[in-house]
Amino acid sequence: MTTRRKLLAGAGAMAGAGLVGFQPAFAAIRPPVARVEPVVMSRFGIATTDPYRWMENPKDPEWVPYAKGQGAYARHVLDAIPGRAALEKRVASLSGGTEAVRDIQRAGDHLFLTVRPVGASSVRLEVQGPDGQRRVLFDPNTLKGEDGVHISLDWWRASPDGRHVAYGSSPAGSEESVGRILRVADGVTLTAVFERALFGPALWLPDSSGFFLNRLSDKTVPGTPEYFMKSVCWLHKLGQDTKDDLKIATYGLNKITDLTEVEVPIVLPSDDSKFALLLGVDGVRREVSIWSATLDGIVQGNPDWTKICAQDDKITGYAHSGSTLYLISEKESPLGRVLALNLAAPSLASATEVVPASQNPIESIGAASDGLYIQIMDGGPQRLRRLGKDGTLTDVTMPFDAGIYGLFGSATRPGLDVLLGGWLQPNSIWNYNPEANRFSNTGLSPKPDVDLSLFESQRFLAKAKDGTQIPYVVISAKNATKRGPAPCLADAYGAYQISNTPFLNLRTLAMMEQGGIFMFASVRGGGDFGRPWYEAGKKATKSNTWNDYIACCEDMIARGLTSPSKLTIRGTSAGGVAVGRAMTTRPDLFAGVICDVGCVNLSRSEVEQNGPGNFPEFGDPSVAEDYRNLIAMDTYFNVKDDVAYPAVMVITGITDPRVGPHQGGKLAARLQALPKQKKPIIMRVTFDEGHGMGSTREQIDSKSADEYAFTLWRAGAARFQPRT
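Novice: It is not clear to me how the pattern of salt bridges should be interpreted in this structure. Could you clarify?
Specialist: Once the charged atoms of two side chains with opposite charge are near each other, the side chains can pair. This structure, assessed with the given rule, holds 51 salt bridges. In this structure, Arg 35 engages Asp 60 in a salt bridge whose closest nitrogen and oxygen atoms are separated by 3.0 Å. In this pair, Arg 35 sits in strand E2 (residues 35–36) while Asp 60 sits in the loop between strand E4 (46–50) and helix H1 (63–79), placing the two residues 25 residues apart along the sequence. We note that Arg 35, like Asp 60, is buried. Lys 307 is the partner of Asp 258 in a salt bridge, and the nearest nitrogen-oxygen pair spans 3.0 Å. With a gap of 49 residues between them, Asp 258 in the loop between strand E15 (246–249) and strand E16 (263–269) and Lys 307 in strand E19 (residues 306–309) connect regions that are remote in the sequence. Here the residues in one salt-bridge network are Arg 43, Asp 50, Arg 53, Glu 56, Arg 604, Glu 606 and Lys 666, joined through shared partners.

This is how it looks when you write it as C-alpha cells:
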C-alpha cells in the first residue's frame, strides 16, 4: 500500500554554533530545503516510509536545482576551511609531478602504453616503436565534448600484429564508451564507429583481421533497470561497414548458448588457438558460464558451441592456450584449484586437476608461451606461481610485498609484464623473465621525487564481534602518534571479493604531512582470505562487513593511534554499505563520515540501471529473504529520527552510471532534516563526473583535498579551523 502527501522540512538545525570548526560564517547560506513527499510501503511484512523517493526520477523538475543547491552549499563549507587551498596545491604537486604508466601491451614489434604525462589531466595512448621512440596515438587531453566537458580513454587493445588499435572513449566520466579504430602507422582514425561499447575492450582475432566487441542493445533505454540487459557480442572485420557486422551471441539467439538477459556475452580468442570461448558474465558475479567453439566456425557464422560450465559450477577464472583450457574451480575447493581440459572434446567432468588447492586463494590465471601464471592472495599482498609446460609448479619470488594491478602477457610470448604497487612503493611496471626466474623493473614508470623513508606502514589485527581476527593497515609519517591520537581517515570496502591489497596513493602524503594517518580495513565481504572471507560478508552475513569496520576502528582507538574525536571513516561505491551502516550503528565512534558515490539505499536497487547486475552480490528486492537483508544493509532506512550523527560529507557525480546520484541525495536530505542533527551534513556534487573511472587528475585532486580538509577540520587540527 502506498500513500503520498506533501510538506516541507527544513534543515536549519545543522547551523548551530559551539561545534568544532563549524562557525556562524558557514550559516551564510544553507542547503536547499528538499521537498518531502512520503511514500509508505509494506513489502514482505516490512513497512518503510521514504520521504524523498521523488529523487529517483532524474527528470523531476526539482532534482537538478536541489543537486545544484547542495553542491553550492558544500563548496561554500569546504572552501571556507583554512588550509584547504594549500592542501589541494600540495595534492596536485604529488599527483602530477611524475609521469604515470598504467597499462602496457606488446604487439608485433611495438609497445603500447597508457600514459599520464607530467601535469596532464588524463591518460593518453602512446606507442613505442622498434627504435625506442614513443609517439602519441590518442590524447583525450586535446579534446572536449558537448558543453566543453572532458573526454576519457575508457579501454583499448592493439591487434596482435601491432598495426591497429581499437579504443573506447566517453564524455564527463559517464563511461558511455564509443569505440573507434586507429591505424598505428600514421595515427589515422578509421571511419567505423561503435556506439554503446561500454563493455570493452575489443578482443582481436589471432590474424588481426577483426575483433569481437560487446555493445548494448540498440533498443536499450538509459536510466532503466533493463539498460545493461540483452547486450550483443559482434564480430567486426577491418574495412567493412559496421552495419555488416556479424551478431555472434546475445540472449535468445540460439538454444545452445542459453544466456540469460543479464549475462554479458564476451567472445575470447587466444593468439595461439583455433578455439575461442564464449563467456556469460552475470553482472558483478565472479562465476561465469562458458561455451567453446572453433574460431573458424564462429567467424563463418555457424559456430559449433559446446557448453562447458554454468554459474552453479563455480568457475571463477579461465585461460586457454592451444587446445587446452584452464579453469579456476571453487565448487569443491573454496580457495580454488586449477583444472585443465581438452577443447577438442570439452567436458568439465573429464577435466584434470593441474594445480591443487592450498591455503592461499587463487584469484586469476593467465597463459604465456612458457606456461600458466597463477595469481594468489596472501592475506593482503599478492603473489604469482608458474605452471611450466612440463607440469612443474614453482613459486615466483616477488620483488616486494605487492598488490598486483595488472598482468600483461600473451600465449605467444614468454613471461609477462606486471603492474605492482606496495603500501610505500609507487606503482611501476615490472617484467618477469622465466629463464632467469626473476623480476626486473622496466623503468617505464619514473620514480616520484618524494622521500618515502619518512613514512611507515603497520599491520594490526582487530577482534570482531564473533572473535574473528580482522587485519588492518595503518599508513603514517613515522612517529605520527608519538604525541597522542592523530587525525585519521579510515577506509573499508568489503564487497565482490575484492581484496585490500597494498597500494600507495601519493596524494595521501599531503594529509600525512599535516599529522594525519590513514587506515585500511580488510573487512569481510572482501577477498583477503578467499571465498570463505567473501561469503562471510555477503547478503545474510553482510552485517559482518560494518561490524568488522567498527572493530578495526575500536582497536585503533584502544591502541592510542586515534580517538573518536579525530576519526573520520570513508567508504566508496559498495563501500557505502560499510561506512553508512557503521555510522548508523555507532554514531558515537566517529567525528566524520565520508560516503563517496556510495550504495546507501540498496533496498531500492530494482529501479536502477545497474541494479539487476548487482542482485547476485546484494540481493533481489523481489525475493523475501533478500529484501530483509537489503533493508538491514540500507543506510537510508536505518537513519533514526532521535539520533544525532557525526558530520557527514556525501559525494556524488551526476553522470554516475553505477550508483544513482539520488542515493546520496536522499541520504543528505534525510540527515539534514533530523531534529537533533547539529553537526554539518554536506553533499558534494559535480556535474561533469560519474563514478570516478573517467575523472580527470584535477577532479581527483580536488576531491582528495576536500576529503583530507574535511577530516582535519573535524579532527580539530588547528590549521584547519575557521576563525570565529
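Novice: I tried to follow the packing of aromatic side chains on my own but got confused; where do I start?
Specialist: What characterises a pair of aromatic rings is the spacing of the ring centres plus the angle enclosed by the ring planes. Under the definition given, this model contains 22 aromatic pairs. On the basis of an interplanar angle of 45° and a centroid distance of 6.4 Å, the ring pair of Phe 112 and Trp 156 is categorised as tilted. Of the two residues, Phe 112 is situated in strand E6 (residues 110–116) and Trp 156 in strand E9 (residues 151–158); the sequence distance between them amounts to 44 residues. Here the two residues Phe 112 and Trp 156 agree in accessibility, since each one is buried.

Novice: What should I look at first to understand the sheet that holds strand E23 (residues 352–355) in this one?
Specialist: As a general point, the strands of a sheet are linked pairwise by backbone hydrogen bonds and lie either parallel or antiparallel. With antiparallel pairing, 4 strands are arranged side by side in an open sheet as E20-E21-E22-E23. Every other strand in the sheet has two partners, leaving strand E20 (315–321) and E23 as the edge strands with one partner each. For this sheet, the mean inter-axis angle between neighbouring strands, taken without regard to orientation, is 30°. Across 6 bridges, the pairing between E20 and strand E21 (residues 324–329) is antiparallel. Bridged to Ser 321 within E21 is Thr 324.

Criteria and thresholds
Residues numbered from 1 in each chain as written. Predicted model: local features only at pLDDT ≥ 70, side-chain atom pairs only at ≥ 80, totals over all residues. Heavy atoms only, no water. Salt bridge = Lys/Arg side-chain N within 4 Å of Asp/Glu carboxyl O. Helix = DSSP H or I, 4+ residues; strand = E, 2+ residues; numbered from the N terminus. Buried < 20%, exposed > 50% of the residue type's maximum accessible area, 1.4 Å probe, protein only. Phe/Tyr/Trp six-rings, centres within 6.5 Å; stacked < 30°, edge-to-face > 60°. Pairing = 2+ DSSP bridges. Axes fitted to C-alpha atoms, helices over the stretch in contact; angles between N-to-C directions.

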